[in-house]
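Analysis of the macromolecular model
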Amino acid sequence: MRGQKTRSALRFCTGGMLLLSAIVLGPDIVQPVQAQPVKAPEQNWSFKGPLGHFDLPSVQRGYAVFAGICASCHSLSEVRFSDLTDMGLTLEEVGAVAATWQVADGLDAEGRLKHRNARPDDALSSSYSGPEAARAANGGVVPPDLSRIVQVYPGGADRLFALLTGYKPDAARVPGKGFANSFAIGHYTAMPPPLREGAVKYADNTPATVTQEARDVTTFLAWVSAPHQDTRRRVGIGAGLYLCFLAVLFVILNRRLWSHVRK
Amino acid sequence: MAATPARHTEQAEKEAHSFLQQAGAYARHYARLPLPADLNWWWTIGAMLVAVLVLMLLSGLTLTLGYTPDASLAFGSVEAIERRMPSGWLLRAMHMTGASFFMAALYVHLLRGLYYRTYLPPRRGVWLSGCGLLVLVMVTAFAGYVLPWGQMSYWGADVAAKAVGAVPFVGQGLEQVFLGGESPGTPTLHRMFTLHFLLAFVIIGLVMAHVAVVHAKGSSSPSVQPATRRKYLPFYPYFTTRDILAVLVMALGFVAVMCFWPGLITEPANYRPANPLHTPADIEPEWYFLPFYGMLQVVPSKFWGLLVSGGAVAVLFAVPWLDNGQRTANGNGGLARIADAGALFACVGAAVTAAAAGLHHAQGGWLLAGQAACLVYYLYFLAFLPLRTRFAEKNA
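Residues numbered from 1 in each chain as written. Chains lettered and ligands numbered in written order. Predicted model: local features only at pLDDT ≥ 70, side-chain atom pairs only at ≥ 80, totals over all residues. Heavy atoms only, no water.

Our focus in this paragraph is empty space enclosed by the protein. By rolling a water-sized probe across the atoms, one finds the places where empty space is left. One pass over the full model with this rule turns up three cavities of 30 Å³ or more. If you add up the space inside the largest cavity, you get close to 940 Å³. Sorting the residues of the lining of the largest cavity by element identifies α2 (45–63), α3 (74–83), α4 (88–116), α5 (124–146) and α8 (186–217) of chain B as the ones contributing at least two each. Of the residues assigned to the lining of the largest cavity, the class counts are 27 nonpolar, 10 polar and five charged. In terms of lining, the second largest cavity is formed by V79, D83, D86, W223, V224, P227 and H228 of chain A together with R83 of chain B. A class-by-class count of the residues in the lining of the second largest cavity yields four nonpolar, one polar and three charged. (1 Å grid on protein atoms, 1.4 Å probe; cavity = no way out; pocket = protein on both sides within 12 Å on 5 of 7 lines; lining within 4 Å. Points joined across faces, edges and corners; volume = space filled by probe spheres on them. Helix = DSSP H or I, 4+ residues; strand = E, 2+ residues; numbered from the N terminus. Nonpolar A, V, L, I, M, F, W, Y, C, P; charged D, E, K, R; others polar.)

Next comes the structure, spelled out in structure tokens:
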């Protein structure tokens, strides 16, 4: 985000230089054509803009989609179950949610991997025993960790949503390439179409369409990528108002003080 | 025997008393310090810098409580600070925003000095200590950026190490000392953490020296009137009030960036954990290093690139000797002032162009633009500053 903004600002400042170089060098600065991802259409997210805030019911539904579908391949290794209290769950609910997960618990006497029910201070770690197992199970590709995905994924939430809903209805694996999806780099992704109608049952009886599931899980992942964003914005408004008030007082004080000074 | 401790306490009390008196006298002396009445708002940047420095020190000290300088744990410890440490996200946001604001204010402070020629005698010491501070702050900012151990941290350290390695004769040894191995790793993190922590306090000490020199030599001023005709006002309350107002206005901008537009100063790639096997497509430093990064890239030879980009900072130390004229009333006439502002504007424009060239990896036209920018940047210091006095004398 920063890179893009700085880049556009700098481009503006040095537009003349760019124009000059374009005239001098012509086709030299034209980049070779690649299968660039299609630009995702903008969505109206609840958390969008400097004053947005997360739609917590959607975040919770998104957790259901993540736990029911995404978690079979993807991890949230920086997130602990206890962090989920911030999306509106009580500690008891978090304990109950954690208990439905199995996590690795060392080796038993014969050297086999043991598992136990997760506890609130466990991370939402990968379901594979290691990257090799993940690679073997997914045709040579390790499913990425999703802890910061909306922040680090170029295109952010819009592109994530577009990718999840961007498969053709009859998508099939093309050997060596993956599944066709115009929002992926090179227009192919290794991820099979993850969502289908009714794949999860929402506790609040929202109809689980593919679009709804994609929308909810994207909101959940955006929340996971910036869990304190709502608090951050609230602090900003409070601190901003306080500083404005203080600044007005000091403007008055400063004017009074300097009014006695002859220029 | 019983009398000894009592006498001891008495004496200690007396000493403490005199210390308090001393501190009070010191504070009164500083509060009464006469400053030129015509100082303008550019003279409040120093107060902003002090405010941000204090914020950096406090937030930095708190962040160390949750940070682990180890290649396998650093990224997770920063994530834990952001996600689970009470108000950890706020502390880290303040520290990150503070770094950008500190560098921005420092550059403006520097440009103020260049424009108003505050480096002229008797204030060469102020200028030199300021340049020393600039270098220390840059090193500290770089070391701090390595600590979160994201992709940009890792590959930034890698690029910097290779740049250091390009120094003839001592380069290889310096690279080894810097990295503590063949590639960035836990030893590098230990080095950067120690450097970041240590330099913070060195900077505080040097800031005190910087301010002490200002107090000893008297403040610079935007006017060129002889000192005898100038009006003076005490620091308190005239300038303290104005400084506080300036700090409040800066704080508003600070809060806006930190709380509403954090994307302006965060690098998304640095939220991916460091991966030595995967080189990012775009390795770019923080915005405040981009001009020097650009200069490094537009020069074809590695060593000369290092010399040109390092020299761009080093040349600042020579400024009081490059421009050794006198500030006279004639020298700041209408035409000369426009020339001054235009030349400084060209120099800043050159730095921005070099930064843009760095962003575009000096490809295509950017190579040429970046090289032209280097030339203009150096011309300001090596041609304009020495000639400025001569022009002024001719005009007089």
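The next point concerns the packing of α5 of chain B against helix α11 (residues 302–317) of chain B. Residue and element names in this part refer to chain B. The geometry of α5 relative to α11 is characterised by a closest axis approach of 8 Å and an angle of 155 degrees between their N-to-C directions. Judged by the inter-axis angle, α5 sits roughly antiparallel to α11. Packed against α5, whose contacting residues are W127, L128, C131, G132, L134, V135 and M138, the element α11 presents V313, L316 and F317 at the interface. Broken down by class, the residue content of the contact of α5 with α11 amounts to nine nonpolar, one polar and no charged. (Axes fitted to C-alpha atoms, helices over the stretch in contact; angles between N-to-C directions. Parallel < 35°, antiparallel > 145°, perpendicular 65-115°, else oblique. Contact = heavy atoms within 4.5 Å.)

Bringing the domain arrangement of chain B into the picture now. All names here are of chain B. Domain annotation of chain B identifies domain 1 (39–280) and domain 2 (289–396). Taking the mean C-alpha position of each, domain 1 and domain 2 sit 23 Å from one another. With 29 residues of domain 1 at the contact, the number on the domain 2 side is 30 residues. For the domain 1 face of the interface with domain 2, the top three residues by lost area are Y115, R117 and V224, together amounting to 25%. Where domain 1 meets domain 2, there are one salt bridge. Among the ionic pairs, D323 bridges to R117, the shortest N-O distance being 2.9 Å. Between domain 1 and domain 2 we count four residue pairs in polar contact (both at pLDDT 80 or more) in total. Contributions of two or more residues to the side of domain 1 that touches domain 2 are made by α4, α5 and α6 (151–165). The greatest single-element share of the side of domain 1 that touches domain 2, amounting to 10 residues, is contributed by α5. Classifying every residue of the side of domain 1 that touches domain 2 by side-chain character gives 23 nonpolar, three polar and three charged. (Domains from an automatic or database assignment. Buried area = accessible area lost by both parts, 1.4 Å probe. Salt bridge = Lys/Arg side-chain N within 4 Å of Asp/Glu carboxyl O. Polar contact = N/O pair within 3.5 Å; in protein donor to acceptor, adjacent residues only side chain to side chain.)

For the rest of this paragraph, the subject is the interface of chain A and chain B. Listed as interface residues are 48 residues of chain A and, on the opposing side, 52 residues of chain B. Both sides of the chain A and chain B interface together cover about 4700 Å² of buried area, and 66% of this is carbon and sulfur. Across the chain A-chain B interface, the total number found is three salt bridges. Among the ionic pairs, D83 of chain A bridges to R84 of chain B, the shortest N-O distance being 2.7 Å. The tally of links between chain A and chain B comes to 11 residue pairs in polar contact (both at pLDDT 80 or more). For the side of chain A that touches chain B, the secondary structure elements donating two or more residues are α1 (2–13), α2 (15–25), β1 (76–80), α6 (149–152) and α9 (229–259) of chain A.

Let's shift gears to the nonpolar core. Y67, L114, M138, Y377, Y380, F381 and L385 of chain B are the most contacted members of the largest nonpolar core, which has 99 residues in total. A domain split of this core shows at least three residues from each of domain 1 (39–280) and domain 2 (289–396) of chain B. Ignoring anything within four residues of it in the chain, the contact list for L385 of chain B reads Y119, V319, L322, D323 and Y380 of chain B. Counting 49 residues, the second largest nonpolar core, distinct from the first, contains C70, V94, I149 and Y202 of chain A. (Core = buried A, V, L, I, M, F, W, Y, C linked by side-chain atoms within 4.5 Å. Buried < 20%, exposed > 50% of the residue type's maximum accessible area, 1.4 Å probe, protein only.)

A separate point is the UniProt feature "transmembrane region" (unreviewed entry) in chain B. All names here are of chain B. Using the residue numbers shown here, the UniProt feature "transmembrane region" (unreviewed entry) corresponds to residues 41–68, 89–107, 127–147, 194–214, 235–263, 303–322, 334–359 and 365–387. Regarding residues 235–263, the helix share stands at 90% and the strand share at 0%, and the terminal C-alpha atoms are separated by 38 Å. As annotated, residues 365–387 has a helix share of 100% and a strand share of 0%, and its two end C-alpha atoms lie 31 Å apart. (UniProt positions renumbered as here; feature names shortened; annotations may be inferred.)

Residues and elements named next belong to chain A. On the surface, L51, I237 and L241 cluster together into a nonpolar patch covering about 320 Å² of accessible area. By the secondary structure assignment, L51 is in the loop between α2 and α3 (56–68). Classification of L51 by relative accessible area gives exposed; the value is 59%. (Patch = residues over 30% accessible without salt bridge, like charges linked within 9 Å, V, L, I, M, F, W, Y side chains within 5 Å. Areas by Shrake-Rupley, 256 points an atom, 1.4 Å probe, with all protein chains shown as cover.)

The next subject is the pairing of strand β2 (residues 102–107) of chain A. Along any regular strand the residues' side chains alternate between the sheet's two faces. Looking at chain direction, β2 of chain A and strand β3 (residues 113–117) of chain A are connected through four bridges and run antiparallel. For L107 of chain A, the partnering residue across the bridge sits in β3 of chain A and is L113 of chain A. (Pairing = 2+ DSSP bridges.)

Turning to the state of the cysteines, a few remarks are in order. A complete count under the given rule lists zero disulfides over all chains for this structure. Summary of cysteine pairing: C259 of chain B is not part of a disulfide, and the nearest cysteine sulfur, belonging to C244 of chain A, is at 13 Å. (Disulfide = S-S within 2.5 Å.)

All names here are of chain B. Taking 1.5 Å as the rise per residue, α6 with 15 residues should run 21 Å; its terminal C-alpha atoms sit 21 Å apart, in good agreement. The element α6 is extensively covered by neighbouring structure, given that 11 of its 15 residues are classed as buried. For α6, the complete set of buried residues consists of Q151, M152, S153, Y154, W155, G156, A157, D158, A161, A163 and G165. Taken together, the buried residues of α6 touch α5, α7 (171–179), α10 (290–298) and α11. (Expected span 1.5 Å × (residues − 1).)

Let's shift gears to the environment of L198 of chain B. Residues and elements named next belong to chain B. Looking at the secondary structure, you find L198 in helix α8. The exposure class assigned to L198 is exposed, which follows from its relative accessible area of 52%. For the pair formed by L198 and T140, sequence separation is 58 residues and the distance between their alpha carbons is 8.9 Å.

A few words on the packing of aromatic side chains. Following the criterion strictly, the structure yields 30 aromatic pairs over all chains and no others. Ring centres of W45 of chain A and F161 of chain A lie 5.7 Å apart, and the angle between their planes is 80 degrees; this geometry places the pair in the edge-to-face category. Highlighted residues: W45 of chain A in the loop between α2 and α3 and F161 of chain A in helix α7 (residues 156–164), separated in sequence by 116 residues. With a relative accessible area of 6%, W45 of chain A lands in the buried category. Assessed through its relative accessible area of 7%, F161 of chain A is described here as buried. With a centroid separation of 5.2 Å and an interplanar angle of 55 degrees, the aromatic rings of Y67 of chain B and F193 of chain B are classed as tilted. Placement of Y67 of chain B in the loop between α2 and α3 and of F193 of chain B in helix α8 is noted, with a sequence separation of 126 residues between them. (Phe/Tyr/Trp six-rings, centres within 6.5 Å; stacked < 30°, edge-to-face > 60°.)

What follows deals with the pattern of salt bridges. Pairing is possible between side chains of opposite charge, provided their charged atoms come close. Residues and elements named next belong to chain A. Enumeration according to the criterion identifies 16 salt bridges over all chains in this entry. Between R112 and E110 there is a salt bridge; the shortest N-O distance is 2.7 Å. A single burial state applies to R112 and to E110, both of which are exposed.

Residue and element names in this part refer to chain B. Omega for the peptide link from P121 to P122 comes to 10 degrees, which places this bond in the cis form. The residue after Y236, namely P237, is reached through a cis peptide bond having omega 5 degrees. Along the polypeptide, P237 turns up in helix α9 (residues 235–260). The backbone phi angle of F169 is positive, close to 65 degrees, even though this residue is not glycine. Mapped onto the elements, F169 comes out in the loop between α6 and α7. Residues other than glycine seldom take positive phi values, yet A362 does so here, at roughly 50 degrees. Inspection of the secondary structure assignment puts A362 in the loop between α13 (334–359) and α14 (365–395).

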